[in-house]
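Single-letter residue listing:
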Amino acid sequence: MPVTMMKGRVPMEMKKVSISAKRQITIPQKFFTMLGFDTEAECIVRGNELIIRPVKTNAGGEFAEQILADLIAQGYSGNDLLERFKKAQGQVRPAVEAMLVDAERIAVSESDYVSYNDVFDAEEEG
């Protein structure tokens, strides 16, 4: 039975699972469904924690329309548009992941924060 706790204002559920002799674990069905696992998981070591999360196959897809609009506005079309789009879309996930790492450092006071204007106003000025 999962135990519900609070981490700050975020509810956190925990359940102890067994590890087989082959280092295998079974993800509890409730967590599997709740988080949207399919056939793959990402394993990440963060400090002394192992994070297991579903692989998101739509990396950067949520920005596709904005990426395409920007590239078209820059005059790209045909194969040039396709190649530029693939490259730009591939850069979205690493950029977002880097921002999340920065946000976590800020949350635990390891770094100064950067405001929305610091990120987006500098880009608009150039």
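Every residue gets a number counted from 1 within its own chain, in the order that chain's sequence is written. With the structure being a predicted model, the display of local features is reserved for residues of pLDDT at least 70 and the display and counting of side-chain atom pairs for 80 or more, all residues being used for whole-chain, interface and lining totals. Note that the side-chain values use all heavy atoms of the structure and ignore hydrogens as well as water.

*Asks:* Requested: an account of the overall build of the protein chain, with residues and values cited.
*Replies:* Along its length, the protein chain carries four helices and four strands. For the purposes of this entry, the term helix denotes a DSSP run of H or I that reaches at least four residues, the term strand denotes a run of E that reaches at least two, and both are numbered from the N terminus. Helices and strands in the protein chain line up, N terminus first, as β-β-α-β-β-α-α-α. The buried share of the protein chain, taken over its 126 residues, is 10%. By the convention used here, residues are in contact when the closest approach between their heavy atoms is within 4.5 Å. The long-range fraction of contacts in the protein chain, counting pairs at least 24 apart against all pairs at least 6 apart in sequence, stands at 21%. For the protein chain, the computed accessible surface area is about 10900 Å², with 55% contributed by carbon and sulfur atoms. Any residue under 20% of the maximum accessible area for its type is buried, any over 50% is exposed, and the rest in between are partly exposed; the area is computed with a 1.4 Å probe on protein chains only. Calculation of accessible area relied on Shrake-Rupley with a 1.4 Å probe; when residues are assessed, cover is drawn exclusively from the protein chains displayed.

*Asks:* Provide a residue-level description of the environment of valine 55, including the pertinent values.
*Replies:* Inspection of the secondary structure puts valine 55 in the loop between β4 (49-54) and α2 (64-73). With relative accessibility at 28%, the residue valine 55 sits in the partly exposed group. In sequence terms valine 55 and cysteine 43 are twelve residues apart; their C-alpha atoms lie 9.4 Å from each other. Every residue in contact with valine 55, bar those within four places of it in the chain, is listed here: Glu40, Ala41 and Glu42.

*Asks:* Which residues make up the nonpolar core, and what values do they have?
*Replies:* Here the nonpolar core consists of buried residues drawn from Ala, Val, Leu, Ile, Met, Phe, Trp, Tyr and Cys, with membership extended through side-chain atoms lying within 4.5 Å. Core analysis: the largest hydrophobic core is formed by six residues, namely Ala64, Ile67, Leu71, Leu81, Phe85 and Val92. In contact with isoleucine 67, other than residues within four places in its own chain, are Phe85, Ala88, Gln89 and Val92.

*Asks:* Break down the pattern of salt bridges for me, with residues and values.
*Replies:* For this analysis, a salt bridge means a side-chain nitrogen from Lys or Arg found within 4 Å of a carboxyl oxygen belonging to Asp or Glu. Counted by the stated rule, this structure contains four salt bridges. Lysine 30 is the partner of glutamate 13 in a salt bridge, and the nearest nitrogen-oxygen pair spans 2.9 Å. Of this pair, glutamate 13 sits in strand β2 (residues 10-14) while lysine 30 sits in helix α1 (residues 29-35), and the two are 17 residues apart along the sequence. In this structure, arginine 53 engages glutamate 42 in a salt bridge whose closest nitrogen and oxygen atoms are separated by 2.7 Å. Note that arginine 53 is positioned in strand β4 and glutamate 42 in strand β3 (residues 41-46), a separation of eleven residues in sequence. Counted as one network, the salt bridges with shared partners bring together Glu42, Arg53 and Glu97.

*Asks:* A description of the packing of α2 against helix α3 (residues 78-107) should follow, citing residues and the corresponding values.
*Replies:* Every axis corresponds to a line fitted to the C-alpha atoms, with the helix fit spanning only the stretch in contact, and the corresponding angles, defined between N-to-C directions, vary from 0 to 180 degrees. In the contact formed by α2 and α3, the axes pass within 10 Å of each other and the chain directions differ by 135°. By the angle between their axes, α2 is oblique relative to α3. Taken as a pair, α2 and α3 cross one another with a handedness that is right-handed. Contact residues: α2 offers Ala64, Ile67, Leu68, Leu71 and Ile72, while α3 offers Leu81, Arg84, Phe85, Ala88, Gln89 and Val92. Orientation categories follow fixed angle ranges, with anything under 35 degrees roughly parallel, anything over 145 roughly antiparallel, 65 to 115 roughly perpendicular, and all other angles oblique. Helix crossings are classified by the rotation of the near helix relative to the far one: an anticlockwise turn of less than a right angle makes the crossing left-handed, while a clockwise turn makes it right-handed.

*Asks:* Quick one: what's the story with the pairing of β3, residue by residue and with numbers?
*Replies:* We treat two strands as partners when DSSP finds at least two bridges between them. Note that β3 and β4 share six bridges and pair antiparallel. Within β4, the residue paired with isoleucine 44 across the bridge is isoleucine 51. If you look at the hairpin formed by β3 and β4, you'll find two residues sitting between the two strands, and glycine 47 has a positive phi there, around 65°.

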